[in-house]
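Breakdown of the fold
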Amino acid sequence: MNNQLLGIHHITALASDPQQNVDFYIRVLGLRLVKQTVNFDAPDVYHLYYGDDLGRPGTVLTFFPFPAAAQGKRGTGEISAVSFTVPASSVEFWARHLAQYGVSFEGPKLRSSEELISFLDPDGMKVDLIFKEGVEHYSFWQGGPIPPENALRGFAGASFVLEDPENTIALLTDTMGFELTDEGTERIRLSLGEDRHRIAIDVVALPNTPRARQSAGSVHHIAWRVADDETQIGWQQRIADTGIRVTDILDRNYFHSIYFREPGGILFEIATDGPGFTVDESPEELGTHLKLPPWIELQRDQLERILPPLTIPKV
């Protein structure tokens, strides 16, 4: 049994208008909408999942879109950027493509010897495209609007902003298996995972800075990946042994989850690989219908009256 964290499972953020969110992540970034469902804890709000062709762990970015939400306030105790891996040869394509859609961006520039372009999504969430060699064989949405040689290949990592990162770094390295790979003056980089699933977390310290306020454009949480339920149970105990309060195991229909807050205040999740997004839809139909778990299905008629209609753009 592999009892290690395997990288990022998914990242979940907050948005405002769901149609705007769908249009941007499908048309502009070329991710596939692999699941339309609801927030299981607040089912009057969509939960939209984007990823590669099957929504494989390590490629999935999800959103809770609250139509009336104001923009979040940046600060400490938050994930300040989400990073995707992109083939190294696609820098010029992405500069042209983003400009074509009127998306302002910074770069190309170098960070930790990696070339990247940074921009904000329509709600102000920062996205980094990290250009890497040898990633062409990684999975992507082959039916999407982005040419295969330029398409996003899953997560490269994320950036954390913390007032004092010492205890967070200790948890990541001593308990969760991260390696300290770059200790710069402005950023500390920690890495996790193997081969295509290896990701990097950049930690930025901003002492005496107010805490972030979550709303549209904020990252809600990051989920780390484990292979199966047995491994997750082991992690639940391992986290509890540190003195951190950890939840019971929750059934998210497409995976099982536990949650806890790391010392800097960021919400962490540990999620299982299975059962996956094809548990209630065929691979060909992923993301095309509103799917509800059995315990919410009885509310379907009410929810379909409440939830704003979505039009999936044709690509």
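Residues numbered from 1 in each chain as written. Predicted model: local features only at pLDDT ≥ 70, side-chain atom pairs only at ≥ 80, totals over all residues. Heavy atoms only, no water.

1. Some details on the pairing of strand S7 (residues 114-120)
Most of S7 is tucked away: five of the seven residues are buried. Here strand S6 (residues 105-111) pairs with S7 via five bridges, running antiparallel. In the strand pairing of S7, Phe105 is matched with Phe119. Linking two consecutive strands that pair antiparallel, namely S6 and S7, is a turn of two residues; a positive phi of about 50° is found at Ser112 within it. Inspection of the sheet shows S7 paired to strand S8 (residues 126-132) by six bridges, in the antiparallel sense. From the neighbouring strand, Phe119 faces S8, where its bridge partner is Val127. What sits between the antiparallel neighbours S7 and S8 is a turn of five residues, in which Gly124 has the positive phi angle 95°. (Buried < 20%, exposed > 50% of the residue type's maximum accessible area, 1.4 Å probe, protein only. Helix = DSSP H or I, 4+ residues; strand = E, 2+ residues; numbered from the N terminus. Pairing = 2+ DSSP bridges.)

2. What about empty space enclosed by the protein?
Summed over the entire model, instances satisfying the criterion amount to two cavities of 30 Å³ or more. A breakdown of the residues in the lining of the largest cavity according to their chemical character gives five nonpolar, five polar and one charged. Taken as a whole, the second largest cavity encloses approximately 40 Å³ of empty space. Around the second largest cavity sit Gly77, Glu78, Ile79, Gln214, Val219, His220, Arg261, Gly265, Ile266 and Leu267, which together line it. Of all the elements in the fold, those that place two or more residues in the lining of the second largest cavity are strand S5 (78-87) and strand S13 (219-226). Of the residues assigned to the lining of the second largest cavity, the class counts are four nonpolar, four polar and two charged. (1 Å grid on protein atoms, 1.4 Å probe; cavity = no way out; pocket = protein on both sides within 12 Å on 5 of 7 lines; lining within 4 Å. Points joined across faces, edges and corners; volume = space filled by probe spheres on them. Nonpolar A, V, L, I, M, F, W, Y, C, P; charged D, E, K, R; others polar.)

3. Comments concerning the sheet that holds strand S10 (residues 179-183)
By definition, the strands of a sheet pair up through backbone hydrogen bonds, in either a parallel or an antiparallel sense. Taking strand neighbours across the sheet as the criterion, the eight strands line up as S6-S7-S8-S5-S9-S12-S11-S10 in an open arrangement whose pairing is mixed. Of all the strands in the sheet, the pair left with one neighbour each is S6 and S10. For this sheet the average axis-to-axis angle between neighbouring strands, irrespective of direction, equals 25°. Strand direction decides the pairing type here: S10 and strand S11 (residues 188-192), joined by four bridges, are antiparallel. Bridged to Glu179 within S11 is Ser191. (Axes fitted to C-alpha atoms, helices over the stretch in contact; angles between N-to-C directions.)

4. Re the sheet that holds strand S3 (residues 42-51)
Taken in spatial order, the eight strands of this open sheet run S2-S3-S4-S1-S13-S16-S15-S14, and their pairing is mixed. Each edge of the open sheet is held by one strand with a lone partner, namely strand S2 (32-39) and strand S14 (250-251). Across five bridges, S13 lies against strand S16 (residues 267-272) in parallel orientation. Within S16, the position partnered with Trp224 by the bridge is Ile270. Along the sheet, helix H1 (residues 18-28) contacts strand S1 (8-15), S2, S3 and strand S4 (60-65); its crossing angle with S3, the most-contacted strand, is approximately 10°. In the packing of helix H4 (residues 229-241) onto the sheet, contacts are made with S13, strand S15 (256-261) and S16, and the angle to S15 comes to roughly 15°. (Contact = heavy atoms within 4.5 Å.)

5. With respect to the side chain of Arg252
Residue placement: Arg252 occurs in the loop between S14 and S15. Looking at Arg252, its side chain comes within polar contact range of the side chain of Tyr259, at 3.0 Å. Those residues in contact with Arg252 that sit more than four places away from it in its chain are Phe40, Asp41, Ser257 and Tyr259. (Polar contact = N/O pair within 3.5 Å; in protein donor to acceptor, adjacent residues only side chain to side chain.)

6. Quick word on the layout of surface pockets
Empty space among the atoms can be located by rolling a probe the size of a water molecule over them. In this structure, the largest pocket occupies an estimated 300 Å³ of space. Residue lining of the largest pocket: 20 residues in total, with Asp41, Phe64, His221, Arg252 and Tyr259 positioned closest to the centre. Of the residues forming the lining of the largest pocket, the biggest block, three residues, is contributed by S2. Considering only residue class, the lining of the largest pocket consists of ten nonpolar, seven polar and three charged.

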